[in-house]
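# Summary of the model geometry
Below are the chains, spelled out letter by letter.
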Amino acid sequence: MGLPKLYQWLLGAGSFMSVWLAYVAGYFKADLSDGMNEVILVLPLYLLMVFACFSLAVVGYRVTTFNDCVEASEELKQQVAEAKADLEAKGFKYASDWK
């Protein structure tokens, strides 16, 4: 069955953060240049920016490829017309009907 998607993301983020914190706190050493050490220090911020850009791209793609539901639209219009007729039979009036 597998883990839910949220747990997968939390497991990945938690694993990354634990390794990153261990490196930053000095629990293990690596022979890296000073430039690489500076990049590693701000790596979570870079990853957060990449995640935000990816999320915006996914939302934009989903919005542009959103399917129209013509049948559902027609059914909803019919239900609204039936509800208006029922309410008018009970004496309700609408602002658009007042002239």
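The structure displayed is predicted, hence computed values, not measured ones.

## A short note on helix H4 (residues 70-89)
Over its 20 residues, H4 runs 29 Å from end to end, which matches the ideal 28 Å to within 8%, given 1.5 Å per residue. Trailing H4 by a residue or two, Gly91 shows a phi angle of about 100 degrees, which is positive.

## Concerning the packing of helix H1 (residues 5-25) against helix H3 (residues 43-64)
Angle between the axes and distance between the axes are the two parameters that describe a pair of packed helices. In contact at an axis separation of 11 Å, H1 and H3 are set at 155 degrees when each is read in the N-to-C sense. Our classification of the angle between H1 and H3 gives roughly antiparallel. Packed against H1, whose contacting residues are Trp9, Phe16, Met17 and Trp20, the element H3 presents Leu43, Pro44, Leu47 and Phe51 at the interface. Classifying every residue of the contact of H1 with H3 gives eight nonpolar, no polar and no charged.

## Some words on the UniProt feature "transmembrane region" (unreviewed entry) in the protein
Per the UniProt annotation, the sites labelled "transmembrane region" (unreviewed entry) are residues 6-28 and 40-61. Annotation note: span residues 6-28, helix share 87%, strand share 0%, distance between end C-alpha atoms 30 Å. Measuring from the first to the last C-alpha atom of residues 40-61 gives 31 Å, for a span that is 95% helix and 0% strand.

## Considering the pattern of salt bridges
Should their charged atoms come close, side chains of opposite charge can pair. Evaluation of the coordinates by the stated rule reveals two salt bridges. A salt bridge links Glu74 to Lys77, with the nearest nitrogen and oxygen atoms 4.0 Å apart. Of this pair, Glu74 and Lys77 both sit in helix H4, three residues apart, which is roughly one turn of that helix. Given a relative accessible area of 53%, Lys77 falls into the exposed group. As a salt-bridge pair, Asp86 and Lys90 come within 3.7 Å of each other at their nearest N and O atoms. A relative accessible area of 60% means that Lys90 is categorised as exposed.

## What to know about a nonpolar patch on the surface
A cluster of nonpolar residues, Leu3, Leu6, Tyr7, Leu10 and Leu11, forms a patch on the protein surface that exposes about 540 Å² of accessible area. In this structure, Leu11 sits in helix H1.

Procedures and definitions
- Residues numbered from 1 in each chain as written.
- Predicted model: local features only at pLDDT ≥ 70, side-chain atom pairs only at ≥ 80, totals over all residues.
- Heavy atoms only, no water.
- Helix = DSSP H or I, 4+ residues; strand = E, 2+ residues; numbered from the N terminus.
- Expected span 1.5 Å × (residues − 1).
- Axes fitted to C-alpha atoms, helices over the stretch in contact; angles between N-to-C directions.
- Parallel < 35°, antiparallel > 145°, perpendicular 65-115°, else oblique.
- Contact = heavy atoms within 4.5 Å.
- Nonpolar A, V, L, I, M, F, W, Y, C, P; charged D, E, K, R; others polar.
- UniProt positions renumbered as here; feature names shortened; annotations may be inferred.
- Salt bridge = Lys/Arg side-chain N within 4 Å of Asp/Glu carboxyl O.
- Buried < 20%, exposed > 50% of the residue type's maximum accessible area, 1.4 Å probe, protein only.
- Patch = residues over 30% accessible without salt bridge, like charges linked within 9 Å, V, L, I, M, F, W, Y side chains within 5 Å.
- Areas by Shrake-Rupley, 256 points an atom, 1.4 Å probe, with all protein chains shown as cover.

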